Every structure is written in structure tokens, then in C-alpha cells.
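Structural overview for review
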Amino acid sequence: LAIIDDPLKDAEDVDSPTKRKKVIAWYTSVLVNRLHPASVVAVISTRWHKKDLTGHLTDLEQTNPLADKWTRVILPAIDARGNALDPDRHDLDALAVIRANVGEYDWSRLWMQSPVTLGGNMLNPEGIVCHADPEAMPQTTYVRFWDLASTAKDFANPNDPDYTAGALCGLTKDSAGLYHFWVKH
């Protein structure tokens, strides 16, 4: 039996890619080599980061059919039915105050066991690369979309949002097999 208890101790460790990788390397190069075929491993940890040890093991399980299968016990502060995990310690009112005080980022990862990317899980506009020439994207499948204005313009309303818009979208794969979605409007 191997019990891994909070392999990353605090936000400083967790927010360091080097320390996260070091924990994963310890797991794969030290612990796994010492396990007997009938060994059981338990990882007990707060889900601090999408790329923490638990995230790594989950990703591995989902992408490699030969990887270990894990049983997850996830204990969020508030369950899917809206009940507090331990109402004698933190009832829903107390949890609302904690959430307001720690903010959504720490609330999600520390209290709900559902880490998000800093800044949210939405598309990061800084990661978008713009190409002015669609011809520079060989072997691309294109489709054009149109959103046609469906009503007459309301000249009395200067903020009338009805207008026609179109986009040329393309999908291609790079040499690594990653998909790229292109939009020209």
C-alpha cells in the first residue's frame, strides 16, 4: 500500500511548473518502480491545479488504455444537490462567506476540487495567431457561415444590432496532428 498525502503542500508549490513536474517525476520514476504487482496506491490531495499529480494520472488514464484505472472520491464543499459537505463545520452561509473572501479561482480548486486555469477556462485571446493569407494554410477544409439580418433597420434606434455578418472558417491539421481552426470574416 502506498499512500501519497498532499504531494504539493501549498500554492507556491502548485503554481510552480517545475515543482509539479518534480512530483510527477517522483511518482513515475521512484514510486512506480517500487510497487509490487498487487500494490494499491491512494492519492489524497486537494485538486490545486489541472496539471497536478491527480490531473496527470487522470489524463493518463483517459488517453492510454493500458494506464492504471483510478477510483475517484471527490468531496466538494457543496455537492451537486447544493448540500454542504460538513454543515456542522461550514454551513452554506459560512461557505458563501468563504467563497466571497477567497475568490472564484481558489474556491474552485481548494473548496470544490475542480481546478480552473488562472483567468478562467475560456479561450485565451493571447493564444490566437492571426494569418492574413488563407492560402498560407494548405490542405484546409473551408466552410462559410452567414448570419443574415432578419428585420428592417430601426433608424430611430442608433443601437440597432441587426446587421449581416459572415465568416470563412477552415480546419486543418499541423505536422503534429493538432487541429487548427481558422476564421476570416
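Residues numbered from 1 in each chain as written. Predicted model: local features only at pLDDT ≥ 70, side-chain atom pairs only at ≥ 80, totals over all residues. Heavy atoms only, no water.

Locating arginine 109 in the fold gives a position in helix H4 (residues 92-111). Among the polar contacts made by the side chain of arginine 109, one reaches the main-chain carbonyl oxygen of tryptophan 48 at a distance of 3.4 Å. Look past the residues within four positions of arginine 109 in its chain and what remains in contact with it is Ala11, Val14, Asp15, Thr46, Arg47, Trp48, Ser114 and Pro115. (Helix = DSSP H or I, 4+ residues; strand = E, 2+ residues; numbered from the N terminus. Polar contact = N/O pair within 3.5 Å; in protein donor to acceptor, adjacent residues only side chain to side chain. Contact = heavy atoms within 4.5 Å.)

Another aspect to go through is the packing of aromatic side chains. Under the defined criterion, the tally for this structure stands at 1 aromatic pair. Seen in terms of ring centroids, tryptophan 107 and tryptophan 111 are 6.0 Å apart; in terms of plane orientation they differ by 15°. Their pairing is stacked. With a gap of 4 residues between them, tryptophan 107 and tryptophan 111 both fall in helix H4, about one helical turn apart. (Phe/Tyr/Trp six-rings, centres within 6.5 Å; stacked < 30°, edge-to-face > 60°.)

Its 20 residues place the ends of H4 only 12 Å apart at the C-alpha level, less than the 28 Å of an ideal helix rising 1.5 Å per residue. Glycine 103 marks the point of greatest bend in H4, at about 120°. Buried within H4 we find Leu95, Ile98, Tyr105, Trp107, Ser108 and Arg109. The inward-facing, buried residues of H4 contact helix H1 (11-14). The N-capping residue of H4, defined by a side-chain oxygen 3.2 Å from the backbone nitrogen of aspartate 93, is aspartate 91. Once H4 ends, the next one or two residues include glutamine 113, with phi positive near 60°. (Expected span 1.5 Å × (residues − 1). Bend = angle between axes of the 7 residues up to and from the residue. Buried < 20%, exposed > 50% of the residue type's maximum accessible area, 1.4 Å probe, protein only.)

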